[in-house]
Amino acid sequence: MKFPWKSAGLWLLRLIAICLIAGTLLSTTDLNQWWVRIWDFPRVQILIVTILAAIGLWFFDRGWRPWLPLILAGLGVWQIYRVYPYTPVAGVEVANTRPGEENGCFTVLTLNVLQDNRDYQRTVELIRDVDPDILFLMETDEAWANAMAPVMSGYTGQLHRPLDNKYGLMFATRLPMTDASIQDLAQKDTPSIFATLMAGDDEFRVIGLHPRPPVPDQDTEERDAEIIAAADRSRELDMPVLAIGDFNDVAWSDTTVLFREIGSFLDPRIGRGTYATFPADKTWLGWPLDHLFVTREFLLKSMDVGQPVGSDHRPVIAQLCLNPAAAEQRNEEIDGPDAENEREADEVQEEFEEDAAEDRIEGEAG
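Residues numbered from 1 in each chain as written. Predicted model: local features only at pLDDT ≥ 70, side-chain atom pairs only at ≥ 80, totals over all residues. Heavy atoms only, no water.

A. Region of interest: unusual backbone geometry. Across the junction of F278 and P279, the peptide omega takes the value -5 degrees, indicating a cis bond. Relative to the helices and strands, P279 is located in the loop between helix 8 (254-263) and strand 9 (290-294). Here D179, not a glycine, exhibits a phi torsion of approximately 45 degrees, which is positive. Residue position: D179 is located in strand 5 (residues 177-184). For D179, a relative accessible area of 56% puts it in the exposed group. In the Ramachandran plot, S264 falls in the positive-phi region, its phi being about 55 degrees despite a non-glycine side chain. Mapped onto the fold, S264 is located in the loop between helix 8 and strand 9. (Helix = DSSP H or I, 4+ residues; strand = E, 2+ residues; numbered from the N terminus. Buried < 20%, exposed > 50% of the residue type's maximum accessible area, 1.4 Å probe, protein only.)

Here it is as structure tokens:
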């Protein structure tokens, strides 16, 4: 008996369509389960597969046409809506510098080095080539700290907490630094960087984050709480703020959008591209996990995703200028958080506290 390849292929296409529909709809919910939130990440790739599946079903599936292709088309439009700001056809939020505005400028380099990556020399060469004024390395253990010490010896301000759990941090700057600290915002041994720096005649606050990702046995309550707690810190400040790091969340997710609303941040990638950084060897297939956000006082001179250096992430390299007078005239206006944003932020904190309480009870019972 001849195997019904045509029928099998059609049912496989239908199954893919059903999975795309289910995953897309789940991603619109507030559920924090890792297997739900993971659908936030590959929206560009989901969009491409959705379009291809809709075309294939329209031409080959007489039984379920037109409803299944039309549903896919509608969900494809919704995916376009989510990623549209990160295309060159959208308007930019952070303006480029103009001649005469390049005062208070500095270079930023951020990189998740991948703790198990032991090709230290490529990162050393990257730091030497870029020669950043602000350097932020993530996933650094003692071996990484020792390997980076010589190249970082010229930095006057440094904060380090090497850890062997893939959440160690190293921060260094040549800019004048005060009020600097390393803090655990949500989870123990998941540190964040806070420091006040000076560029030109103005001070600004740097926040460096690397919360834990959504993976099996680890949902997103802690990650989201850390991200929103950092946004709360930002809005309490009466100074410009730069937020950097591997958020283990994509730029278009509800959590990162809420972070921007609460902290009054602008995203230099909006109107320019996705600047995908993960996975390092397949950024065409990847997504933007490594972020750089600024408040309204900054202008952008340049921003790039660097070449792979042995990690599963690529570095983010940016030149920023702290020029409040020029930036506030040309950057996107920020309204600040509204009542809905405040409610959502409170819910994030409440869910984290409930989850932490349940963990304590289970720990005591065990």
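B. Local environment of the state of the cysteines. The tally for this structure, following the rule as stated, stands at one disulfide. With its sulfur 1.9 Å from that of its partner, C105 forms a disulfide with C321. Across the disulfide from C105 to C321, rotation about the S-S bond amounts to roughly 95 degrees, and the bridge is consequently right-handed. With C105 in strand 1 (residues 105-112) and C321 in strand 11 (residues 316-322), this residue pair connects regions lying 216 residues apart in the sequence. (Disulfide = S-S within 2.5 Å.)

C. Representation of a negative patch on the surface within the structure. On the surface, E261, E332, E333, D335 and D338 cluster together to form a negatively charged patch. With respect to the helices and strands, the residue D335 is situated in the loop between helix 9 (324-330) and helix 10 (339-365). (Patch = residues over 30% accessible without salt bridge, like charges linked within 9 Å, V, L, I, M, F, W, Y side chains within 5 Å. Areas by Shrake-Rupley, 256 points an atom, 1.4 Å probe, with all protein chains shown as cover. Salt bridge = Lys/Arg side-chain N within 4 Å of Asp/Glu carboxyl O. Lys, Arg positive; Asp, Glu negative; His and termini not counted. Charge placed at Lys NZ, Arg CZ, Asp CG, Glu CD.)

D. The arrangement of the layout of surface pockets in detail. Taken as a whole, the largest pocket spans an internal volume of roughly 1,000 Å³. The wall of the largest pocket is formed by 41 residues, among which S253, D254, V257, L258 and E261 lie closest to the centre. Elements with a contribution of two residues or more to the lining of the largest pocket: helix 4 (67-83), helix 7 (221-235), helix 8 and helix 10. In terms of residues, the lining of the largest pocket owes the most to one element, helix 10, which gives seven residues. When grouped by side-chain class, the residues that make up the lining of the largest pocket number 14 nonpolar, nine polar and 18 charged. When its volume is computed, the second largest pocket comes out at roughly 290 Å³. Classifying every residue of the lining of the second largest pocket gives 10 nonpolar, four polar and four charged. (1 Å grid on protein atoms, 1.4 Å probe; cavity = no way out; pocket = protein on both sides within 12 Å on 5 of 7 lines; lining within 4 Å. Points joined across faces, edges and corners; volume = space filled by probe spheres on them. Nonpolar A, V, L, I, M, F, W, Y, C, P; charged D, E, K, R; others polar.)

E. Geometry of the side chain of S234. Assignment of secondary structure puts S234 in helix 7. Take S234: its relative accessible area is 4%, and that puts it in the buried class. At a separation of 3.4 Å, a polar atom in the side chain of S234 contacts the main-chain carbonyl oxygen of G263. Ignoring any residue separated from it by four or fewer positions in sequence, one finds S234 in contact with I207, V241, G263, F265 and T295. (Polar contact = N/O pair within 3.5 Å; in protein donor to acceptor, adjacent residues only side chain to side chain. Contact = heavy atoms within 4.5 Å.)

F. Up close: the pairing of strand 5. Summarising the sheet, strand 5 and strand 6 (residues 191-199) pair through six bridges and their orientation is antiparallel. The residue bridging D184 from the neighbouring strand is P191, located in strand 6. A loop of six residues connects strand 5 with strand 6, the two strands running antiparallel in sequence, and D189 in this loop sits at a positive phi of about 60 degrees. (Pairing = 2+ DSSP bridges.)

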